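Working through the structure, step by step
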Amino acid sequence: MSVLLLVILHMLASLEQFMLSSGRGTGESCVQKLIMAVTGDETAATGDMPAYQIRTPTTTLPQGVVMAASPGTLHSPQQLAEEATRKRELRLLKNREAARECRRKKKEYVKCLENRVAVLENQNKTLIEELKALKDLYCHKAE
């Protein structure tokens, strides 16, 4: 189970204990329904709350990196809209950078092709002149 879910379950168990100790029996069923909704476990309705151990999350993220909240943890439509806007801005920024890199590579490729064309044109010109010189030499020997 995720750490967030474990924290919620722990808080619900504490709330249930408080409701029982203060003599407020009506809140007990509400807490049990919340536990059932969170866990999807119908055995929680009996009041037999299993003991959960909260562990520290193991993550491969470097220190200081904050993970984005999942859509299930956002509550208001405004937060959902802000998250969607943030994701869109990030996607557009990455797309701009990728397009810039693509244009740079294309320019480099075209320059390389232009240089190759220039070299091949010079070779072709040299070979044509050499062919002409050999034809002239052959024609003079034949005479």
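Nothing here was measured: the structure is a model prediction, and the numbers come from that model. (Residues numbered from 1 in each chain as written. Predicted model: local features only at pLDDT ≥ 70, side-chain atom pairs only at ≥ 80, totals over all residues. Heavy atoms only, no water.)

**Side note on the overall build of the protein**
- Scanning the protein from N- to C-terminus turns up three helices and zero strands.
- Its helices and strands taken in sequence order, the protein reads α-α-α from the N to the C terminus.
- Put simply, of all contacts in the protein between residues at least 6 apart along the chain, 40% involve residues at least 24 apart. (Helix = DSSP H or I, 4+ residues; strand = E, 2+ residues; numbered from the N terminus. Contact = heavy atoms within 4.5 Å.)

**A look at a positive patch on the surface**
- On the surface, a cluster of positive charge is made up of Arg96, Arg100, Arg103, Lys107 and Lys111.
- The topology assignment puts Lys107 in helix α3 (residues 77-142). (Patch = residues over 30% accessible without salt bridge, like charges linked within 9 Å, V, L, I, M, F, W, Y side chains within 5 Å. Areas by Shrake-Rupley, 256 points an atom, 1.4 Å probe, with all protein chains shown as cover. Salt bridge = Lys/Arg side-chain N within 4 Å of Asp/Glu carboxyl O. Lys, Arg positive; Asp, Glu negative; His and termini not counted. Charge placed at Lys NZ, Arg CZ, Asp CG, Glu CD.)

**Notes on the UniProt feature "coiled-coil region" (unreviewed entry) in the protein**
- Using the residue numbers shown here, the UniProt feature "coiled-coil region" (unreviewed entry) corresponds to residues 103-137.
- Overall, residues 103-137 shows 100% helix and 0% strand. The separation of its end C-alpha atoms is 51 Å. (UniProt positions renumbered as here; feature names shortened; annotations may be inferred.)

**Brief notes about the pattern of salt bridges**
- Tallied over the full model, the rule gives three salt bridges.
- For Glu108, the salt bridge goes to Arg104, with nearest N and O atoms at 3.1 Å. Separated by four residues within a single helix, Glu108 and Arg104 lie in helix α3, roughly one turn from each other.
- Classification of Glu108 as exposed rests on a relative accessible area of 51%.
- Within this structure, Glu101, Arg104 and Glu108 form a network of salt bridges that share partners. (Buried < 20%, exposed > 50% of the residue type's maximum accessible area, 1.4 Å probe, protein only.)

**Here's the deal with the confidence of the model for the protein**
- Overall, the prediction assigns the protein a mean pLDDT of 75, with 50% of residues at 70 or greater.
- Of all helices and strands in the protein, the one with the weakest mean pLDDT is helix α2 (residues 26-39) (56), whereas α3 scores best (95). (pLDDT = per-residue confidence, 0-100.)

**Some remarks on the side chain of Glu83**
- Here Glu83 shows up in helix α3.
- Here the side chain of Glu83 touches Arg86 through a polar contact of 2.9 Å, side chain to side chain. (Polar contact = N/O pair within 3.5 Å; in protein donor to acceptor, adjacent residues only side chain to side chain.)

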